[in-house]
Structure formats: structure tokens, C-alpha cells
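Read off the chains here:
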Amino acid sequence: MTHSDQISDSDQMPRSAWLCEYLARLEDEQVMAQHGDARILAPAHRLELDPEGWATAAKVAAAMGLRHAGLWADCLDDSALAAEDRAIRMQACLEHAGDYLVLETQVPMLRPVLASQASIYPGVDRLERHAHDLTGLELTSQPDGRRWTRHQAWPEDRFPLRGDFPLAGEPVGRAPADADYPFGRVQGTGVYEIPVGPVHAGIIEPGHFRFHAMGEDVLQLEERLGYVHKGIEKLAVGRDPAGLARLAGRVSGDSTVAHAWAACQAMERATDCIVPARAQALRGLMAERERVANHLGDIGAVCNDVGFAFAHLQCGRLRERWQRRSQALFGHRLMMDAVIPGGVAVDLCDKVVEELREDHAQLKSEIVPIFDVVADHPSLDDRLMTTGVLSEADARQLGCTGYVGKASGLAFDVRRDSPYAPYDGLAMDGAILAEGDVAARVRVRMAEIGNALRWMDRLLKSLPDGPICAQLPEAEAGAMGLGIIEGWRGEILSFIRFGPDGRIARYFPRDPSWFTWPALERLIHGNIVPDFPVCNKSVNGSYSGQDL
Amino acid sequence: MFRILKKSFQTGVVTETPPDVADAEFERIGIELRRRIDVRFSRSLAIRQVDAGSCNACELEIQALNNAYHDVARFGVHFVASPRHADALLVTGPVSRHMEAALRRTWRATPSPKFVIAAGDCACTGGEFGASYASCGAVEKVIPVDAKIPGCPPSPLELLQGLLHVLRG
Ligand code: SF4
């Protein structure tokens with residue numbers, strides 16, 4: 001079905017005004033663009049570019065204020081292809097006013113070289129380095145150029161996502177620690193370094209932080225992640241849809257519903273599967289339950305990091321009760337494996353719906369006095385306000401979404417700006433603040449809990465009847481889909497390409513943490529070292545979701 | 001201040017009022033655990049948790065051991081910040097190759113006698129991720145393991161049962 005029309009015939013496509021403008025500007029810059037099969041990644045519009053225009057396309061996008069939502073590389077190197085036909089395909093997703101555009105280009109595997117977009121969009125720096133480490137795509141003028149996801153588990157000139165790289169890897173013996181990673185340096189009288197991690201002091205995920213400090217002030221923080229790289233993208237290759245959904249549910253366990261949903265949505269879009277209305281509603285219910293649970297836990301944990309145990313204990317108690325209910329309703333305390341391709345695995349009976357409404361009412365009445373204290377308590381205000389400020393400009397430049405973006409003045413929310421079922425029929429209220437500090441991130445999350453509870457009540461009032469799962473049609477080889485879900489951390493993208501026999505050929509989940517981790521490096525500037533834990537917790541990036 | 005006191009009094013103590021069966025069971029296991037910890041570890045079992053590659057859901061459930069419902073500290077179990085203070089390592093995740101060296105070093109830094117408990121399917125067998133170019137698989141492939149607590153993730157009750165099992169062994 002690949003018919004290529006030139007950029008100027010804007011036939012069948014209903015396009016938003018900015019897309020027309022963008023296309024016109026590309027033409028001015030003489031970037032060759034073809035629409036090919038423009039709807040294959042719907043709702044995103046797909047645009048094929050010549051590799052020469054890759055950086056210019058980013059420049060034009062940045063000039064128009066589009067948000068970069070991430071990029072990924074895909075090795076098209078099936079062993080049946082002749083060496084000169086093998087290629088690496090790069091895709092980049094942009095968003096503006098809730099409309100998505102996917103730029104795509106291809107470079108030959110024999111000479112996989114492409115210009116970097118990271119000097120224009122610094123938020124995608126690590127995504128590019130990740131793409132290089134896993135596929136061998138060389139990015140010219142990449143502002144950083146150091147390895148990112150690769151430590152010492154495989155050699156520099158081998159690339160795990162290539163077809164000739166075995167899943168089991170190649171014998172390299174014990175993987176040594178990545179001791180000679182070239183960290184940035186700050187020098188001067190009185191400047192000292194604090195290395196932290198990878199094993200951290202709490203019950204949390206591993207990663208390395210390198211602080212440069214003077215006195216108590218942080219001069220620079222550099223993150224080194226990749227410690228929990230488990231090869232998720234490679235493991236996905238050859239899985240069937242059900243197996244992929246299980247894997248997606250473990251990309252970041254705290255977002256198991258959202259990631260499984262994004263992956264299923266991508267597969268359903270790739271196969272034109274119609275998901276029953278009841279299943280969509282139940283997915284929405286589970287995603288909001290996941291949001292409430294995580295926000296509750298984190299609000300408490302932020303307070304705990306500044307020694308305010310009351311909120312920690314209260315929120316922990318409410319979260320536990322909430323998780324027990326999830327266990328009773330969906331058979332799992334975190335609702336793992338409840339979202340499956342075509343629908344959901346568990347149904348709710350009418351009696352339970354009533355109980356859930358009572359649950360919500362109870363939680364609502366319980367959080368009022370607790371949040372009242374959190375929002376207005378001198379010792380908390382003192383520690384959380386003006387701490388860890390992320391400016392709106394930084395949040396925008398890095399592409400932050402979710403509560404990190406919302407607390408810094410960026411209202412974007414997929415549920416509201418590019419609504420998918422069930423949010424298309426039932427709108428979710430937004431939350432936005434401008435201060436950008438830890439207190440603002442906490443407040444946005446308190447508001448989101450309230451919004452989610454009200455929304456779930458409305459959803460339960462008109463829960464559609466009918467089946468909870470549809471059969472996922474077998475995918476054609478080459479079918480692609482893009483899932484876009486608002487997880488509790490923000491926008492999750494999930495790209496899927498099918499290979500032969502309805503098996504997965506490429507899966508790339510882009511967790512919002514890719515953009516909030518670099519935001520942490522910026523917002524910690526000028527804060528004191530002892531405030532790092534609370535700043536970190538207020539952002540709470542996922543290590544696993546980023547390391548893959 | 002009054003708001004805090006009011007809420008605290010209204011909430012009361014959730015820990016000692018088992019609202020369902022799971023809690024009664026939790027209590028029973030906890031008390032047995034306490035007895036064994038009293039005998040073998042002079043009343044306190046210090047655990048260092050190490051995420052060696054988990055998806056982070058195992059961590060959520062281990063954290064839940066400390067919430068007001070479970071409050072494992074009352075049974076003598078507590079989590080410490082350094083392996084040098086630990087009697088036991090509680091390891092989650094398949095061991096990613098990038099964490100292999102760090103896990104070995106943590107194990108070496110833990111004074112003997114020490115226990116290693118693998119928590120979660122990934123830590124027990126490799127789980128959903130198995131062994132690959134990026135993952136060593138089960139924890140026992142990297143350091144000696146004394147006990148395994150399966151589950152994906154194991155619930156707080158299962159974690160407590162697992163701990164008890166170690167102390168019985
Ligand atoms: S056992 Fe399950 S919950 Fe634990 S790390 Fe593995 S996949 Fe995650």
C-alpha cells in the first residue's frame with residue numbers, strides 16, 4: 001500500500017493548521033518529504049524524509065514550538081535481505097496542540113549515519129545515545145557522544161538490536177563495572193565530588209549520581225543510568241501479542257497498567273482491532289487506580305524525605321488499603337497482567353461497582369484533612385517551597401510531561417489534549433501550576449488524585465455493558481502501531497512493528513522518565529546536597545523504564 | 001498541629017486491628033518470625049535490600065512491609081542503608097549484567113555470617129526477563145542464595161513468610 005504523493009497534494013488527509021504550516025516550511029527549506037502511507041501510525045501523521053533533511057526537520061519543528069516526544073531506531077536487517085538492502089529506520093515523534101507527527105527516515109546498514117537532533121532538542125540526547133548503543137546508528141554532531149545504555153556487558157562495536165546479535169549475547173565473561181565512564185568535571189578551589197550509587201541507601205532502584213559541590217551547594221549533578229538494562233527491546237523480538245503485553249507490564253512495574261495499555265493500544269491500532277467499550281472503560285479505571293496509588297505513595301514519601309512522618313504514615317495507610325482493593329477486584333495488588341491485547345482480563349460485577357463508589361467517597365473524605373495539612377504546614381512550606389525549581393523554559397525544552405511539566409506551567413495531558421477511549425467521551429479535568437518547585441509537584445499530584453476520583457465516579461455511573469475482550473486479528477507483516485497513553489508519570493509512547501507470523505519485530509516503549517531525568521539535573525542547580533533526596537522523589541523518574 | 005493530632009486520633013492504630021484475614025495471618029507469621037529473630041539475631045534482623053535489575057514492582061511491595069498495616073519493625077525486621085550493617089541481603093530482579101559487579105561487591109561488603117534471600121520470580125529464576133546478553137538471570141548465578149521468595153511481585157505477606165522460612169532453615 002505504499003503510494004507516494006508529493007508533499008503539495010494535500011488530498012484525503014484532514015490536517016491541522018500547524019501541520020500544513022510545518023510542511024510548507026519544510027518545502028521552503030528544501031527538505032524532501034513524502035507522505036507514503038501517512039495514516040499507518042494513526043492518530044499520528046507519518047512523514048517520510050530524506051536523511052539529509054533530518055536535522056533541518058527538527059530545526060523547523062523547534063522554530064514552530066513543537067514538542068519532541070522521542071525517537072527510536074529500528075533495524076531492518078532480516079537475514080533474507082541482501083547486505084545492501086539492509087537499513088536502519090529512524091522515527092521521531094513530535095507533538096503540538098494534541099496532534100502527533102512521526103518523522104521517519106532510513107539509512108543503509110552499510111553506512112548508518114544520520115544527523116543528530118539533540119543539539120536542537122536536548123531532551124532526546126539520551127534517546128539518541130541509546131539508539132546508537134543498541135543499533136549502531138551513528139549520529140553526527142551528537143552534542144554528547146558518550147555511551148549511555150551500554151556499560152561493559154557487550155563490546156563497543158556490537159549492537160544488540162541487530163539481527164546477527166544473539167539474544168543470549170556473546171561470551172564476554174563477567175561484565176566488569178563501568179569504571180572509566182568519562183564524567184564531566186568541575187574544577188576550582190573547594191569543589192569536591194560525591195559519587196552515589198549504583199546501590200542506593202533505600203529500598204529503591206539502582207543508578208549512579210555524580211555530584212560536584214562546593215560547601216553544601218550543588219554545582220553540577222550528572223546522572224549515569226543504564227544499570228537495570230535488561231534487554232527488553234531484544235526480548236520483545238519474536239514474542240506473540242500476549243507475551244508482549246506481559247513484558248510491557250514489566251517495563252516499569254509501578255506503571256504496569258499504563259505500559260501494558262500503551263503496548264496493547266499500539267498492537268490494536270496496528271491490527272485495526274476494535275476494543276469493546278467496557279474494556280476501554282475498565283482500562284481507564286485501572287489506569288486511574290494506578291495513578292492514585294502512586295501519587296499517594298509519593299506524596300507521603302516526599303514529606304518523609306523532609307522528616308514529616310505524619311503524611312508518610314497516613315498516605316502509606318491509604319495506599320495499602322487501595323492496593324488491597326485492587327487485589328480483590330483485579331486479582332493483583334498492582335493490577336499486573338490485567339490489560340491484555342484486545343481488552344482486559346478481569347470483569348467487575350455490579351455489586352463491586354457500588355462498593356467502589358463507597359471506596360472513592362471514603363478516600364475523598366480521608367484525604368481532605370491530610371492534604372490540608374500537606375498544603376499548608378509551616379515546616380513543610382519551609383522545605384518544599386522554592387526547592388528544586390524547574391523553570392517552564394527548561395521543562396518545555398526537555399519535553400517534560402505529567403506532573404513535572406504541569407507543575408512548571410505546561411498543561412499538556414494526553415487524556416485531555418489527544419483523548420483516547422474512554423477519555424474521549426468523558427473528559428478529565430486538568431491541573432496546572434507555575435512555580436515549578438517541589439511543593440508545586442506535590443500539589444499537582446494532590447489535585448490529580450481528586451480529579452481521578454471524580455472521574456472514576458462518573459465512569460462507574462455509566463459503565464458500558466458488553467464483552468471485556470475482543471480477539472486481536474493476526475497482524476500483517478510490517479504492520480506498525482503507535483500507542484499513546486497518559487500514565488501517572490506523564491505521556492507514554494509505545495511503538496510496535498510486526499514481523500511475519502503475527503510476531504513482534506520491534507517494540508520501543510518511551511517512558512516519560514527519559515525527559516524528567518535530565519530535568520532533575522537542571523532543577524537541582526543551586527540547591528543544597530541534603531535536599532537532593534526530596535527533589536529526586538518529587539520527580540521520581542523510573543530507572544527501569546528508562547534503562548529498558 | 002491540632003489538625004495533625006485530630007487526624008492521628010481519628011485514624012487510631014491500624015496496625016493492631018486486623019481488618020481482614022490477610023492481616024491476622026500476617027500477625028501470626030510475624031510473631032513467629034519475631035521469636036526466631038530473638039533467638040538467632042539478638043532481637044533484630046538487619047536487611048539490606050538490593051535491586052539488581054528489577055522492574056521496580058518488587059521494591060514497591062518490599063516498601064509496603066514498612067507501612068502502618070504491616071509495620072515489620074515490630075517483629076524485629078528492619079532495613080539498613082549499608083551492607084556493612086546487614087545480616088541479610090534481600091535481592092530483587094534478574095541480575096542485570098550492568099549490576100553484576102555492584103551486587104558482588106555488596107555481597108562482599110556484608111559481614112559473615114550472612115543470608116541472601118532472592119525475592120520475586122526474576123530473582124528466583126530469571127522470571128520474565130530470563131538470561132540474555134543483558135541479564136545474568138537468577139541471583140544464584142552471581143552470588144550464593146539461601147532462600148527464595150517467588151511471586152511477581154511477592155506480596156508483603158509472602159515476603160514475611162519467606163523470611164520466616166529462612167530463619168527456620
Ligand atoms: S518478579 Fe515481577 S515484579 Fe519482581 S522484578 Fe520481576 S517482573 Fe518485576
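Preceding block: the structure.
Source: prediction; values computed, not measured.

Draft legend 1. Layout of the pairing of strand β10 (residues 217–224) of chain A. All names here are of chain A. Two elements, strand β9 (residues 208–214) and β10, share seven bridges in a ladder whose sense is antiparallel. For Phe 209, the partnering residue across the bridge sits in β10 and is Glu 223. From the end of β9 to the start of β10, which pair antiparallel, there are two residues, and Gly 215 there has a positive phi angle of about 60 degrees.

Draft legend 2. Structural view of the site of the ligand. In the vicinity of the ligand lie 13 residues, with Cys55(B), Cys58(B), Asp121(B), Cys122(B) and Cys152(B) positioned nearest. At the ligand, the nearby residues belong to more than one chain, namely chains A and B. Among the elements of the structure, α3 (57–64) and α5 (121–125) of chain B are those that each provide at least two residues to the shell around the ligand. Residue composition of the shell around the ligand, by class: eight nonpolar, three polar and two charged.

Draft legend 3. Focus on the sheet that holds strand β3 (residues 67–76) of chain A. All names here are of chain A. Reading across from one edge, β1-β2-β5-β4-β3 is the order of the five strands in this open sheet, with mixed pairing throughout. Each edge of the sheet is formed by a strand with only one pairing partner; in this case those strands are β1 (33–34) and β3. In this fold helix α3 (residues 125–135) packs onto β3 and β4 (87–96), with an angle of close to 5 degrees to the strand it touches most, β3.

Draft legend 4. A look at unusual backbone geometry. Of the consecutive residues Ala42(A) and Pro43(A), the connecting peptide bond is found in the cis state with omega at 10 degrees. Looking at where Pro43(A) falls in the secondary structure, it is placed in the loop between β1 and β2 (45–49). Following Ser112(B), the chain continues into Pro113(B) via a peptide bond in cis, with omega recorded as -5 degrees. Along the polypeptide, Pro113(B) turns up in the loop between α4 (100–109) and β4 (115–119). Residue Asp272(A) is not a glycine yet carries a positive backbone phi of 55 degrees. In this structure, Asp272(A) sits in the loop between α6 (256–270) and α7 (277–305).

Draft legend 5. Summary view of the packing of aromatic side chains. Applying the stated rule across the entire model yields 17 aromatic pairs over all chains. Taking 5.3 Å as the distance between ring centres and 80 degrees as the angle between the ring planes, the aromatic pair formed by Trp154(A) and Tyr133(B) counts as edge-to-face. Pair noted here: Trp154(A) is in the loop between β7 (138–140) and β8 (191–196) and Tyr133(B) is in the loop between α5 and β5 (147–149), and the two residues belong to different chains. Grouping residues by exposure puts Trp154(A) and Tyr133(B) together as buried. With 5.1 Å between their ring centres and 75 degrees between their planes, Tyr181(A) and Phe183(A) make a pair best called edge-to-face. Judged by relative accessible area, Phe183(A) falls into the buried class, the value being 14%. Through pairs of rings, three or more aromatic residues link up here, namely Phe209(A), Phe211(A), Trp517(A), Phe532(A) and Tyr543(A). One Lys or Arg, Arg289(A), reaches over the ring of Trp322(A) and ends 4.0 Å from the middle of that ring.

Reading guide: rules and limits
Residues numbered from 1 in each chain as written. Chains lettered and ligands numbered in written order. Predicted model: local features only at pLDDT ≥ 70, side-chain atom pairs only at ≥ 80, totals over all residues. Heavy atoms only, no water. Pairing = 2+ DSSP bridges. Helix = DSSP H or I, 4+ residues; strand = E, 2+ residues; numbered from the N terminus. Near = heavy atom within 4 Å. Nonpolar A, V, L, I, M, F, W, Y, C, P; charged D, E, K, R; others polar. Contact = heavy atoms within 4.5 Å. Axes fitted to C-alpha atoms, helices over the stretch in contact; angles between N-to-C directions. Phe/Tyr/Trp six-rings, centres within 6.5 Å; stacked < 30°, edge-to-face > 60°. Buried < 20%, exposed > 50% of the residue type's maximum accessible area, 1.4 Å probe, protein only. Lys NZ or Arg CZ within 6 Å of the ring centre and 35° of its normal.

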